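Structural characterization, general
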Amino acid sequence: MDRKVRVRFAPSPTGPLHIGGVRTALYNYLFARRNGGDMILRIEDTDSNRFVPGAEEYINEALAWLGIGIDEGVREGGKYGPYKQSERRDIYRDHVKRLLDSGRAYIAFDTPEELEAARTATPNFQYDATTRLRMRNSLSMPADEVEKLIEAGTPYVVRFRIEPGRDVEVNDLLRGKVTINSSILDDKVLYKSADDLPTYHLANIVDDHLMEISHVIRGEEWLPSAPLHVLLYEAFGWEETRPEFVHLPLLLKPDGKGKLSKRDGDRLGFPVFPLEWHDPKTGAISTGYRESGYLPEAVINFLALLGWNPGDDTEIMSMDELIQKFSFDHCSRSGAKFAFDKGRWFNHEYIQSTPDCELATLFRPVLKSKGVNPDDFSDDYITRVVALVKGRVNFVAELWDQAGFFFVAPKNYAEKDIKKRWKEDTPAILNELTKVLASLPDFNSKTAEPIVLDWVAQNGYHLGNVMNAFRLTLVGECKGPHIFDITEMIGRDETIRRINEGIDNISLPG
Ligand code: GLU
């Protein structure tokens with residue numbers, strides 16, 4: 001059947017979006033865009049006990065940062081709205097009534113204590129065809145009693161009446177056909193009168209149907225719900241338009257042993273959330289990819305390849321390229337190891353291809369956090385600094401470690417470099433060097449370099465010692481880009497000032 005591709009990302013606002021959820025959103029988005037379809041963001045907030053303030057805003061902000069565009073949603077609007085389940089109570093109530101009227105669902109009054117007692121009395125108790133007539137529900141009780149209880153406002157739930165002994169076929173585009181027997185399913189709760197809200201299962205499939213979703217693309221953890229969903233579609237008579245299922249493989253710990261968790265991130269030093277998250281209850285802060293200095297394009301590229309490949313070994317792909325190449329044919333069925341080192345590598349690569357002036361803009365707040373007023377430096381200066389050092393960094397914040405000395409003179413000098421390079425005659429030679437530098441016709445790298453090298457050679461000085469001592473006074477240690485690029489950037493006066501400061505402050509190693 002040819003139908004318009006419509007997919008949804010359907011998070012529950014129960015906390016920060018996990019990186020695995022971001023991948024699910026991304027695959028939905030790529031699939032929608034590849035097929036000229038629609039991407040819907042539906043907020044599944046029917047579990048009021050697990051609602052966390054700020055989680056919905058977090059989801060919106062994270063998707064926007066990553067460039068995962070939404071066509072229909074709470075903020076975007078659309079003709080299938082509302083897109084927040086707590087605003088769709090009437091719709092669910094109607095649908096629950098339809099199932100009750102057709103006998104596919106029933107009302108149950110069992111209290112938590114009664115259910116607990118049943119569990120204690122019967123090992124492996126399951127509320128199903130074998131037990132339901134022993135419980136307190138509209139199948140086991142006279143109709144007028146049921147009526148009375150409802151009128152009296154007794155809390156009840158509506159359960160799905162599962163017919164036992166049927167083979168239920170779930171077709172998954174990645175996994176193929178899986179058949180399970182309906183006898184292993186329990187009569188799932190679909191609705192609770194106490195809060196007048198449906199459970200996940202009912203709301204999820206009613207909305208997928210009404211929103212004309214063509215493909216349900218979600219994490220593997222939802223696979224066990226799929227048979228029940230198939231039966232619900234059938235109970236409503238919606239088999240013809242049932243969406244295709246795609247259950248994405250889990251994201252695994254970096255060593256491949258088990259499901260990726262927040263603790264792995266804490267232990268190994270990588271974020272598992274797209275953005276920083278401030279837990280409203282505990283006040284705990286969890287780091288995010290954005291705040292850790294990742295570029296959104298790098299995160300997207302990295303995540304896209306966790307469970308999918310383009311069919312060849314191309315690694316660097318923009319969002320547009322990912323869209324062009326994406327299909328489920330090259331999705332893996334087994335879990336994807338969360339190779340966070342690869343994430344760093346992607347970020348390094350994306351930093352190299354980001355224009356220097358853009359990196360300069362991102363670097364300004366880092367400078368500020370280090371006590372440097374970025375407005376003291378021109379855009380051009382910061383951009384040129386970035387160009388000199390970006391090859392050495394994986395993250396924007398690391399630009400500071402590589403380039404701080406372009407903004408502030410060193411206050412300390414590395415002991416080990418002093419030991420190696422600072423000799424008895426160093427102060428005198430450097431003093432002489434300041435004279436050479438002062439007399440240069442201009443201070444370009446190209447002019448300065450041959451003249452200084454010539455001066456070293458003519459005097460028979462040790463090139464390595466002189467140049468490294470020189471560098472030590474400028475940088476504070478023996479690292480950094482080409483020395484004459486540094487001198488050109490910081491200028492003649494500052495170069496000479498730093499050499500003199502070094503001469504004054506560095507003492508011969510003892
Ligand atoms: N609300 C579910 C979640 O939090 C949606 C699962 C689905 O996509 O069906 O992931």
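As shown above, the structure is provided for reference.
Here goes a summary of the coordinates provided. The structure displayed is predicted, hence computed values, not measured ones. (Residues numbered from 1 in each chain as written. Predicted model: local features only at pLDDT ≥ 70, side-chain atom pairs only at ≥ 80, totals over all residues. Heavy atoms only, no water.)

**Looking at the overall build of the chain**
Counting secondary structure elements, the chain contains 20 helices and 14 strands. A compact globule built from 510 residues should have a C-alpha radius of gyration of about 24 Å, whereas the chain, at 32 Å, is more than 25% larger. For the C-alpha atoms alone, the extent of the chain along its principal axes is close to 110 × 50 × 40 Å. A separation threshold of at least 6 residues defines the contact pool for the chain, and within that pool the share at least 24 residues apart is 73%. Put simply, the chain shows about 23900 Å² of open surface, and 49% of that area lies on carbon and sulfur atoms. (Helix = DSSP H or I, 4+ residues; strand = E, 2+ residues; numbered from the N terminus. Rg over C-alpha atoms; globule rule 2.2 N^0.38 Å. Contact = heavy atoms within 4.5 Å. Areas by Shrake-Rupley, 256 points an atom, 1.4 Å probe, with all protein chains shown as cover.)

**Notes on the pattern of salt bridges**
In this structure the tally under the stated criterion is 35 salt bridges. Ionic pairing is found between arginine 136 and glutamate 114, a salt bridge with its closest N-O pair at 3.2 Å. Within this pair, whereas arginine 136 is found in the loop between helix H4 (112–121) and helix H5 (143–151), its partner glutamate 114 is found in helix H4, the two being separated by 22 residues in sequence. Judged by its relative accessible area of 30%, glutamate 114 is partly exposed. (Salt bridge = Lys/Arg side-chain N within 4 Å of Asp/Glu carboxyl O. Buried < 20%, exposed > 50% of the residue type's maximum accessible area, 1.4 Å probe, protein only.)

**Observations concerning the packing of aromatic side chains**
Summed over all chains, the structure comprises 26 aromatic pairs. Consider the rings of phenylalanine 270 and phenylalanine 340, whose centres lie 4.5 Å apart with planes at 20°: the pair is stacked. Residue phenylalanine 270 is located in the loop between helix H8 (262–268) and strand S12 (277–278), and its partner phenylalanine 340 is located in helix H11 (residues 340–353); the two are separated by 70 residues in the primary sequence. Accessibility assignment for this pair places phenylalanine 270 and phenylalanine 340 in one class, buried. In textbook terms, an aromatic cluster arises when at least three aromatic residues are bridged by ring pairs, as seen for Phe270, Phe302, Phe338, Phe340, Trp345 and Phe346. Directly above the ring of tyrosine 27 sits arginine 23, whose terminal nitrogen or CZ lies 5.5 Å from the centroid. A cation over a ring is seen here: lysine 342 above tryptophan 345, with NZ or CZ 4.4 Å from the ring centre. (Phe/Tyr/Trp six-rings, centres within 6.5 Å; stacked < 30°, edge-to-face > 60°. Lys NZ or Arg CZ within 6 Å of the ring centre and 35° of its normal.)

**Some words on the site of the ligand**
Every residue close to the ligand is listed here: Arg8, Ala10, Ser12, Glu44, Tyr200, Asn204, Arg218 and Trp222. Contact distances for the ligand include 2.8 Å between an oxygen atom and a side-chain N or O atom of arginine 8. Asparagine 204 places a polar side-chain atom, nitrogen or oxygen, 3.1 Å from an oxygen atom of the ligand. Burial of the ligand by the protein amounts to 85% of the accessible area it has alone, namely 290 Å². Split into classes, the residues belonging to the shell around the ligand amount to three nonpolar, two polar and three charged. (Near = heavy atom within 4 Å. Polar contact = N/O pair within 3.5 Å; in protein donor to acceptor, adjacent residues only side chain to side chain. Nonpolar A, V, L, I, M, F, W, Y, C, P; charged D, E, K, R; others polar.)

**Quick word on the nonpolar core**
The tendency in soluble globular proteins is for nonpolar side chains to be buried as a group. Ile68, Phe338, Phe363, Phe406, Phe407 and Phe470 are the most contacted members of the largest nonpolar core, which totals 111 residues. Ranked by residues supplied to this core, first place goes to helix H1 (residues 19–34) with nine residues. Phenylalanine 470 has contacts with Leu430, Leu433, Leu437, Ile483, Phe484, Thr487, Thr495 and Ile499, leaving out every residue within four places of it along the chain. With 39 residues, the next largest nonpolar core counts Ala105, Leu228, Tyr233 and Phe236 among its residues. (Core = buried A, V, L, I, M, F, W, Y, C linked by side-chain atoms within 4.5 Å.)

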